[in-house]
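These are the residues of each chain, in order.
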Amino acid sequence: MKQRMDITYPSISESSAEGMLDVLISIPFEHLNHSFHLQIPKSLYEGAKTASKKAMIPSGIGDAWLPGYYRSFIEDRKQIPFFTALLKPFRAIRREQGLDSDRYMELLTAYVQGLPYDHDKTASLNVAPRFPVETAADKKGICSDKSLLLAAMLSIEGYACAILHFGPEHHAAVGIPAPDGYDFKKTGYAIIETTVVSYIGSEPCTPEGVREVKRPKVIPIGNGTKTYSAIRDTAKILAVTRELAEKLNPKGTLVSELKRLQASITEQTENLRHVKAELESPDISFERDAELRPEAHRQVLTLQQTIRQYNALANEFSDAQKLAAFIHVNRLDRKTVMRKILEKRD
């Protein structure tokens, strides 16, 4: 345990275990699949795994201990060689693919978001954070585990970032500086939700039944200065996604109008069938025939107009489905998605 002032925080004491853990890292990103092997000393991994995750806190300090608690999992110096080894292949991918600063952040984010969520840990009573070396070795984690790993990687790579602690919701995410209007609840930070593959700036994933997410506590990590200039792009993508969700909502206005038009077409077709049957009857009088034919023509024109309206909305619905699917499938490729959205707007 590491002591700061009168608070004792978690720290790693390496074990006597020998040998290395061989961890296969796989990262799908921008339609490419990157993979490499990471060697982690068993002494470091086991030392982290068996370390106490509790903080010894004096009474009367409220939650003043919390920033130091989160940082202790990231700043433990025994993890420096691990982070060096972990980030080396990412830097090689950045060079090979010519990634700019925004896309490099997205690459690091894609790796952490792609780690499976540890549902077994959530179901247990032991939900204390893992050290980042544990999360990388275990290849899974809950919100705090994955957020600590990503925040550590971002801060080492020179990005300004923070842990966003959602106390009442029992949740954690990563925050990156964002201009007014693009930040979450006036925190000055946009959210990177680490538990699912999602765009930077998405809403946090919180437990089911939580209606309103409170403003999180912001815990800056490291001294990085680089920011994410593509936040306006992702904000646009997310806005379009919300528009599409409204269009595709089974209880939304577009679907309701499609159902109304479909019912109207059925009713008009049935009425026209009756008129046609009467006109074809051998017993129809000349006067009745003369009366019905203009009515039949009017009904045909009305039905054709209704069918055109239905087809136009059906095409709009189909286009919305295709665009929504494209945005979801390509959520690891922001630039391609933005090009698609701009094409649709032109």
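Provided above is the structure to which this section pertains.
Because the structure is predicted, anything quoted here is derived from the model rather than measured.

On to the packing of helix α8 (residues 231-248) against helix α11 (residues 334-345), then. Interaxial distance between α8 and α11 falls to 10 Å at its minimum, and their mutual angle equals 60 degrees. It follows that α8 is oblique to α11 by the angle criterion. For the pair α8 and α11, the crossing hand works out as left-handed. Packed against α8, whose contacting residues are D233, T234, K236, I237, V240 and E243, the element α11 presents R334, V337, M338, I341 and R345 at the interface.

Under the criterion given, the structure shown has eight aromatic pairs. Relative to F83, the ring of F82 has its centre 4.9 Å away and its plane inclined at 50 degrees; by these criteria the two rings are tilted. Each of the two residues, F82 as well as F83, counts as buried. Relative to Y111, the ring of F90 lies with its centre 5.3 Å away and its plane at 55 degrees, an arrangement referred to as tilted. With F90 in helix α3 (residues 80-97) and Y111 in helix α4 (residues 101-114), this residue pair connects regions lying 21 residues apart in the sequence. Taken together through their ring pairs, the aromatic side chains of W65, Y69, Y70, F73 and F131 make up a single cluster. We note R94 situated over the ring of Y104; from NZ or CZ to the ring centre the distance is 4.3 Å. Over the ring of F326 we find K340, and its NZ or CZ is 5.1 Å from the ring centre.

The rules behind the values
- Residues numbered from 1 in each chain as written.
- Predicted model: local features only at pLDDT ≥ 70, side-chain atom pairs only at ≥ 80, totals over all residues.
- Heavy atoms only, no water.
- Axes fitted to C-alpha atoms, helices over the stretch in contact; angles between N-to-C directions.
- Helix = DSSP H or I, 4+ residues; strand = E, 2+ residues; numbered from the N terminus.
- Parallel < 35°, antiparallel > 145°, perpendicular 65-115°, else oblique.
- Left-handed = near helix turned anticlockwise from the far one by under 90°.
- Contact = heavy atoms within 4.5 Å.
- Phe/Tyr/Trp six-rings, centres within 6.5 Å; stacked < 30°, edge-to-face > 60°.
- Buried < 20%, exposed > 50% of the residue type's maximum accessible area, 1.4 Å probe, protein only.
- Lys NZ or Arg CZ within 6 Å of the ring centre and 35° of its normal.

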